[in-house]
Amino acid sequence: MKKQTFALSALCCALQSAGLAAQVQQDAVPDELVVQQQDTEAQQRALEKKEKEIETIVVVGYSSTRQEDITGAAIDVKIADVKDLSSANIMQNLQGRVPGVQILTNGNPNSTAQVKIRGQGLGPLGYNDPLYVVDGVPMNSGLHEINSNDIESLVVLRDAASASIYGARAANGVIIITTKKGSGDSKFEVKLNTSTEDFEYDLNPLNTRQRAEVVWRAAVNDRANPNNVSPLYQYDWNGDYDNPQLNNVILNTYIDSAQTMRPADTDWFDEVTRRSTSKDLNLSYSSASDTSAVYASFGYLDRNGVVKSSEFTRISGRVNSHVELFDGKVRVGENLTLTDQKQNLVNDLAGGILGLAIEQQSIIPIRTEDGTGWGGPTAGITDRDNPVRLLEMNKDNTNRFNKVLGNVYVEYLPLDDLTLRTNYGLSYGNFKFRNFTKAFQAGSLNFNDRLTVTDDWNKTTVWSNTAEYKYLLNYDHMFTLLVGNETVEFESEFFSASGSGFASQDRDYAFLEQATSGITANGFADAWTLKSYFTKLDYDYDRKYLASFTLRRDGSSRFGQNNQWGNFPAASVGWRVSDEDFFKFDAMNQLKFRASWGQNGNQEINTRATSSIFQSRYATQSLFTNEQDEGTAYDLAGSDQGNLPSGFAKVSSGNPDLKWETSTQLNLGVDFDFFDSALYGSFDWFRKRTEDILTTTQPLATEGEGAQMIVNGGTIENTGIELMLGYTDEFTVASLGNFTFDITGNISTAKNKVIALPDSVVNSFGGNGRDKTILGKSVNSVFGYVTDGLFQSAEEVAAHARQPGAAPGRIRYVDLNGDGVINDQDQDFFTNTDPDFIYGLNFTLTYGRWDFNMFWQGVKGGSVRNSWRLFTDFTSLNIGSNYGDRTLNAWTPDNTGSNVPALTLLDNNNEARESSFYWEDGSYLKLRNLSIAYNIDPAIIDARVYLSAQNLLTITPSGTLSQDPEAPNSVFPIPRTVTLGLSMTF
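The model shown is predicted, which means the values in this text are computed figures rather than measured ones.

## Remarks on the nonpolar core
Judged by nonpolar contacts, the single largest core of 48 residues is most densely connected at Tyr233, Tyr235, Phe269, Val272, Val307 and Ile363. At the level of secondary structure, the elements contributing two or more residues to this core comprise helix 5 (208-221), strand 11 (233-237), helix 6 (268-272), helix 7 (346-359), helix 8 (387-394) and strand 19 (440-442). When residues of this core are assigned to domains, at least three map to each of domain 1 (208-264) and domain 2 (278-522). Counting 39 residues, the second largest nonpolar core, distinct from the first, contains Val101, Tyr132, Ile151 and Ile175.

So this is what it looks like as C-alpha cells:
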C-alpha cells in the first residue's frame, strides 16, 4: 500500500510539473495539444483524488480500512469542524452533525450528553447507550472524561455489520475514538479560550403584590371571602362578587409567628442565576522520527454554569508514544491519559433549585430580619426550601473523580502481510464525595446536620490478541483475514457511611468519628467477565466488488449457565459501480451501493439477575405512621432490650433462564460524489429489530414481596433513513479574490414500534390491558386524556358529556368512547416524544486567511411536556406556591381568547391529570454556532484567533410555550455562549 501511495504521489508531482510548463507555453501550443493538456489535468485531478482516498484510513474495530472500502454504515466524523469549540465533551460539539445520531444535552458544566444512535432504541424498557472504545479500551461512561483536543478521529458504527466485531456490547452502536499520535517535526501547540455564558428565563414569576391580586381574583371566582383564603394577605375590596373591585392589598408586618421574616419581594430567578465565565487551556507536544513518535498534552478546563455556584474543573494529561524495533518488525506503544475532575453538588441540584425559583413565593426573604437565619415557608406557603440556602450550603460539597485510561500494545510483523498484535487496556475510576449538610432552620423547615462520605471505585481491564493477514491473488483479489480473542474483566466496590450530631458545624471539623447519632454504613461490590472470540474476512475484487463477513462469540458471566454464550454474525457487500467499464457518466466520480445484515447483543443487566436476592432490613420507618415497621429484625427473646437478631427479606426474584438480548439489523446504502467531489453525499435505510429485550417486570403488590425480576421479553423495531449531502466550490469576487465554501447538511428519521411485550411489562406503559396497549406504538408513547380547549359558556358545558367539575373557563376533556361521561375510559395514547426527523446544516466560507462558519441544528416533531404550566397557568394545583404571569391573563367571561384556565383555588375539574394540555410540539431550530477566525501569516507566527457564539437563536413553532424544547422544565438551561480563543504552534 505504501508503495502504491508513493507511486501515485510521484506521478501526481510529475503531472503537476507538466501542467505548469504547459500553462507557461499555452499560447504557443496547438489546439490539439491544449486538449491533450486538459485531459492530462483531468487525469491529474482524478489521481489526486484517488491518492486522497487511499490515504483516508478509518479505524473500524481491531483494524482499519480505507474509507472507500467500507460496506457498512460507518461514518468518519469531521473533527476539524469543531476544533474551535470547547474541549468539555466532543459529543456535545457534534450535536446535529452526524446523520442518524441524536445527542441530548443541557447546560450543566459537567458536560454530560445522552447519545442515541438510530432512533429511540428501547426507551424506558432497557439500555440505550452506545459503546465507546478509546484506543481499543471499551467504556460506557461517556466522553466528558476525555479532553477533546486529544482526539484525532471519531468513527460512528451505526449498523450491525460495522459494529458486530464488538458483538455483545454493540446493540446500540459503537463510537470509536482514536487519540492523537506524534507526527512530523517537533512542535509545541498552545490553545486557550475564555467563554461567557448567560440565560434569561421568560417564565416571569409573580411578584408579591401580583400574587396577592391573583389569589384575590381566584377567591372571588369561587365566590369565597378573599380575606379567609390566605393568612398572608388582607384585602380592601368592594365585596361585590358580580362586579369586584380591589382597592388595596394589606400585608402583615411579619409573615411568621416568630416575627423573624418581614414581607419581601424576592426575585428568586435573579438570586440563583448569573452570567458565568469559563476557561479552557490546552498544551501539546508532538514529534516523530523514522522509528518512534510521541504525543503529550496537558489540559485544564474550568467551567462555571449560569446557576450560581455551579462549577466543574478537569485537569487532564496524556502521553501517547511508540517505538519501532528490529527494522520495523516490532512496534511497542502505549496510550495513557490521567484525569482529575472536580464538581460540587450544585450541579446535580440545579434543576431542583430552578424549580424552586418559580415555586417559592417572592414574599419570603432570603434571610431572616437579623441576617443570621434563612427565610423559609410559613403558614400559607408550601413547604419548599429556600433556593439560595441550597446554593450556599452545597457549593462546598464537592466530589472528585479520578480516571486512568490507557493501553500498552506490541505489534509483530513476522511476514510482510501478517500482523500479530497483543493489547492490554485499563480503565480505572475512583469517585470520592464528602457531603456535609449543616443543621438549619428555614421558616417551618428544621433539619439536623448530616455527613455522608462516599467512596466508589471501578476497574475494567481488557486483553485482546489479534492476527491480521492480507493476501493478494492475481493482482485483483484482495483477502484480509482477522482473528482474535478478548477478555474483559470488570470489578467495582461502593462504600458509604453517614452520621449526625456534630459538636461543630464547621465542615473542616465534621468527620464521621465526631458523629454522635444516626450512624449508618453500607456497601456492595460487583464483578463480571466477558470472554470473546471473533473473526472477520474482507474481500475486494478489482476494487469494484467488496464483501465482509464477521462472526463473534461472546460468553458473559451475567447470564445463567445454560445461556452464557451467544453468537453474533454479520455480512456486508458493496459494489463500486463507478469503476465499471460500462459506467460512462463522467460527472460522477463515485457511486457505491452497500448492503449489510448483522446481529448485535446486549448484556447490560444487574449481575445478580439470575439469582434471588435476600437482604436484611434491620429497621424501616414509614413516612405515614410511627407504628409501622417493615424491618426484618425481631425481638425473639421478648427481652425488649439489646440488639435484635435480623432476618432477611426477599428483594428480587432470580431468573436462571435469562439469555442474550439480540438486535438484528438490515442496512441498504449508497455513497456518491459528482463533479470532482464538489457534490457528495450518502443515503442509508435501516431496519433494526431487537428481540428478547432484557427488562425489569413491574409486578402487582398481590404477587408478594420480591416478585420483581429481570426477564427476556418483548420485541421493538426501529426503522429509518439517513441522508447526508455536501457541496464545496470556490468563486471569485472582482478586486477581492477567491472564496471557498462548503455546505453540508444531514437529515435523519427513525420510527419506533413495540411489536411484543410480556404481560408483566406491557401494563406498566398505561392503557387498559385490552384494546388500548403500547403494542403497535412507539415505546415513548404518552397515555392520558385528550383536551379540547376551555369551556366558553354554560351552554357548552351543558351540551358536553358529563364531566365532573366542568364550568366555563375550565379544561374540556374529549369523550373518546362516546358514552356521554368523562372518566378513566376516555384515556388513550395521544402523542409520543419521538422526533419526526432531526437535521443539521453547516456552512463554511474561507477567504484568504479568514474563516467563517455558521451551523444550524434542529428537531422536527415529537412532543415535550411543559411541566412549568402547573405553576404558570393554575392557582389551584399548588395552593401555597408562586405562579407565573400568565395567570394575569387567565380566562374570564370578558377574556375568552385566553388558553389559561379561569383562576380558582379549588381543583374540582382534576386538571392535574395527565392530558394533552401539558404537551407541546417539541420542534426547534437553533443557531448552534456562529464563528469567525483569522489565521496569522506563519512567517510572523503560526497562530489562529477566533471569536464564536453558540446557541444565539432558538426558533420554535407558534403555540409552543417552552422557551427551549431541547431542555424544558426545571433542568439546567442551555445558555448563550460567546468564546474568544487563540491557538499557536511553535
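## Thoughts on the packing of aromatic side chains
Tallying each qualifying case throughout the model produces 35 aromatic pairs. Considering the side-chain rings of Phe490 and Trp528, the 5.5 Å spacing of their centres and the 20° angle between planes classify their relative orientation as stacked. Residue Phe490 is located in strand 22 (residues 477-500), and its partner Trp528 is located in strand 23 (residues 517-541); the two are separated by 38 residues in the primary sequence. Across this residue pair, the class does not change: Phe490 and Trp528 are buried. Here the aromatic rings of Phe837 and Tyr839 are separated by 5.8 Å at their centres, their planes lie at 50°, and the arrangement is tilted. Judged by relative accessible area, Tyr839 falls into the partly exposed class, the value being 24%. Put simply, the rings of Tyr727, Phe731, Phe739, Phe741 and Tyr847 touch in pairs and so form one group of aromatic residues.

## Focus: the UniProt feature "domain: TonB-dependent receptor plug" (unreviewed entry) in the protein
Annotation from UniProt places "domain: TonB-dependent receptor plug" (unreviewed entry) at residues 67-174. In residues 67-174, helix accounts for 7% and strand for 26%; the two terminal C-alpha atoms are 17 Å from one another.

## Re the domain arrangement of the protein
Along its sequence, the protein is carved into domain 1 (208-264) and domain 2 (278-522). Facing the 15 residues of domain 1 at the interface are 14 residues of domain 2. When the buried surface of domain 1 facing domain 2 is broken down by residue, Leu232, Ile255 and Met261 rank first, second and third, together holding 41% of it. Summed over the shared surface of domain 1 and domain 2, the number is one salt bridge.

## Looking at the environment of Trp216
Along the chain, the position of Trp216 falls in helix 5. Looking at Trp216, the relative accessible area reads 5%, which means it is buried. Along the backbone, Trp216 and Met588 are 372 residues apart, and their C-alpha atoms lie at a distance of 73 Å. Residues contacting Trp216, with those up to four places away along its chain left out, are Pro226, Tyr235, Trp237, Pro244, Gln245 and Leu246.

## Looking at the packing of helix 7 against helix 8
It is at 9 Å that the axes of helix 7 and helix 8 come closest, and there the two elements cross at 170°. When the axis of helix 7 is compared with that of helix 8, the two are roughly antiparallel. Two packed elements cross with a definite hand, and for helix 7 against helix 8 that hand is left-handed. Touching Val346, Leu349, Ile353 and Leu356 of helix 7 are Pro387, Leu390, Leu391 and Asn394, all from helix 8.

## Observations concerning helix 8
For helix 8, the tally of buried residues reaches seven of eight residues, placing the bulk of the element in the interior. Residues of helix 8 that are buried include every one of Pro387, Val388, Arg389, Leu390, Leu391, Met393 and Asn394, and no others. In this fold, the buried residues of helix 8 make contact with helix 6, strand 16 (330-344), helix 7, strand 18 (418-437) and strand 19. Its side-chain oxygen placed 2.9 Å from the backbone nitrogen of Val388, Asn386 serves as the N-cap of helix 8.

## A look at the side chain of Asp742
Relative to the assigned elements, Asp742 resides in strand 34 (residues 737-756). One buried charged side chain, Asp742, makes no salt bridge at all; its nearest oppositely charged neighbour is Lys78, positioned 4.3 Å away. Within polar-contact distance, the side chain of Asp742 engages the side chain of Thr744 at 2.9 Å. Ignoring sequence-local partners within four residues, the contact set of Asp742 consists of Lys78, Tyr680, Tyr727, Thr728, Asn842, Phe843 and Thr844.

The rules behind these values
- Residues numbered from 1 in each chain as written.
- Predicted model: local features only at pLDDT ≥ 70, side-chain atom pairs only at ≥ 80, totals over all residues.
- Heavy atoms only, no water.
- Core = buried A, V, L, I, M, F, W, Y, C linked by side-chain atoms within 4.5 Å.
- Buried < 20%, exposed > 50% of the residue type's maximum accessible area, 1.4 Å probe, protein only.
- Helix = DSSP H or I, 4+ residues; strand = E, 2+ residues; numbered from the N terminus.
- Domains from an automatic or database assignment.
- Phe/Tyr/Trp six-rings, centres within 6.5 Å; stacked < 30°, edge-to-face > 60°.
- UniProt positions renumbered as here; feature names shortened; annotations may be inferred.
- Contact = heavy atoms within 4.5 Å.
- Buried area = accessible area lost by both parts, 1.4 Å probe.
- Salt bridge = Lys/Arg side-chain N within 4 Å of Asp/Glu carboxyl O.
- Axes fitted to C-alpha atoms, helices over the stretch in contact; angles between N-to-C directions.
- Parallel < 35°, antiparallel > 145°, perpendicular 65-115°, else oblique.
- Left-handed = near helix turned anticlockwise from the far one by under 90°.
- Polar contact = N/O pair within 3.5 Å; in protein donor to acceptor, adjacent residues only side chain to side chain.
- Lys, Arg positive; Asp, Glu negative; His and termini not counted.

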